[in-house]
Amino acid sequence: SQLRVWDYSTGRLLQTLLDETADEGLSFGRRPDWSPDGKRLAAFLKGRAEGGLTQQLRVFDASTGAALLQQDLASPGERAPVFSPDGTKIAMWGL
C-alpha cells in the first residue's frame, strides 16, 4: 500500500511513501501521525513474512519520503503511532 501526501490548499500530490514496500508485503495500518513541526510522518506497517506476522514502526522524512527509522515490533495487534508535543518521542497505542 501507499501513503500519499497532498497540499491541502492546491490539491497537488506532494509525496507518495512506501512504493518500495510492495516487495516486502507490508501495508499501512491506521492513523499515521505528523510530527509537531510537520517534517516527519510516523506510520505503523504490517504484513506477512516467512516467519509469520511482521509489524513495524517507520518514521519518514515528509519532504523526501526517506525512512528515518524502522523498528520491528514484537507483540501483535493494530497500532497507531502518536508523536509527543515536542516531537522527541513516539507512543504507540493499539488493540
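Some points on the overall build of the chain
Counting secondary structure elements, the chain contains zero helices and nine strands. When the helices and strands of the chain are listed from N to C terminus, the series reads β-β-β-β-β-β-β-β-β. Burial status across the chain gives 34% buried among its 95 residues. Total accessible area on the chain is roughly 6,000 Å²; 52% of this is exposed by carbon and sulfur atoms.

Comments concerning the pairing of strand S2 (residues 13–17)
By the bridge criterion, four bridges tie strand S1 (residues 3–6) to S2 in an arrangement that is antiparallel. Across the sheet, the residue bridging to Arg 4 is Thr 16, located in S2. Adjacent in sequence and paired antiparallel, S1 and S2 are bridged by six residues, among which Gly 11 carries a positive phi angle near 80°.

A look at the confidence of the model for the chain
Summarising the model, the chain shows a mean pLDDT of 83, and 85% of its residues fall at 70 or more. Element-level pLDDT for the chain is lowest in strand S3 (residues 26–28), with a mean of 76, against a maximum mean of 94 in strand S4 (residues 33–34).

Concerning the side chain of Ser 35
Locating Ser 35 in the fold gives a position in the loop between S4 and strand S5 (40–49). Looking at Ser 35, its side chain comes within polar contact range of the side chain of Asp 37, at 2.6 Å. Ignoring any residue separated from it by four or fewer positions in sequence, one finds Ser 35 in contact with Arg 40 and Phe 83.

Section: the nonpolar core
By size, the foremost hydrophobic cluster in this structure holds nine residues: Leu 3, Val 5, Leu 17, Leu 26, Phe 28, Leu 41, Ala 43, Leu 45 and Phe 60. Those elements giving two or more residues to this core turn out to be S1, S3 and S5. Among the elements that line this core, the one with the most residues is S5, at three residues.

Overview of the pairing of strand S6 (residues 52–61)
By the criterion of burial, S6 is predominantly enclosed, with seven of the 10 residues buried. In this structure, S6 lies alongside strand S7 (residues 67–72), joined through five bridges in antiparallel fashion. The residue of S7 that forms the bridge with Phe 60 is Ala 67. Following S6, the chain reverses through five residues before pairing antiparallel with S7; Gly 65 in that reversal takes a positive phi of roughly 85°.

Section: the environment of Ser 9
Among the structural elements, Ser 9 can be located in the loop between S1 and S2. Within the structure, Ser 9 has its side chain in polar contact with the side chain of Asp 7 (distance 2.6 Å).

Reading guide: rules and limits
Residues numbered from 1 in each chain as written. Predicted model: local features only at pLDDT ≥ 70, side-chain atom pairs only at ≥ 80, totals over all residues. Heavy atoms only, no water. Helix = DSSP H or I, 4+ residues; strand = E, 2+ residues; numbered from the N terminus. Buried < 20%, exposed > 50% of the residue type's maximum accessible area, 1.4 Å probe, protein only. Areas by Shrake-Rupley, 256 points an atom, 1.4 Å probe, with all protein chains shown as cover. Pairing = 2+ DSSP bridges. pLDDT = per-residue confidence, 0-100. Polar contact = N/O pair within 3.5 Å; in protein donor to acceptor, adjacent residues only side chain to side chain. Contact = heavy atoms within 4.5 Å. Core = buried A, V, L, I, M, F, W, Y, C linked by side-chain atoms within 4.5 Å.

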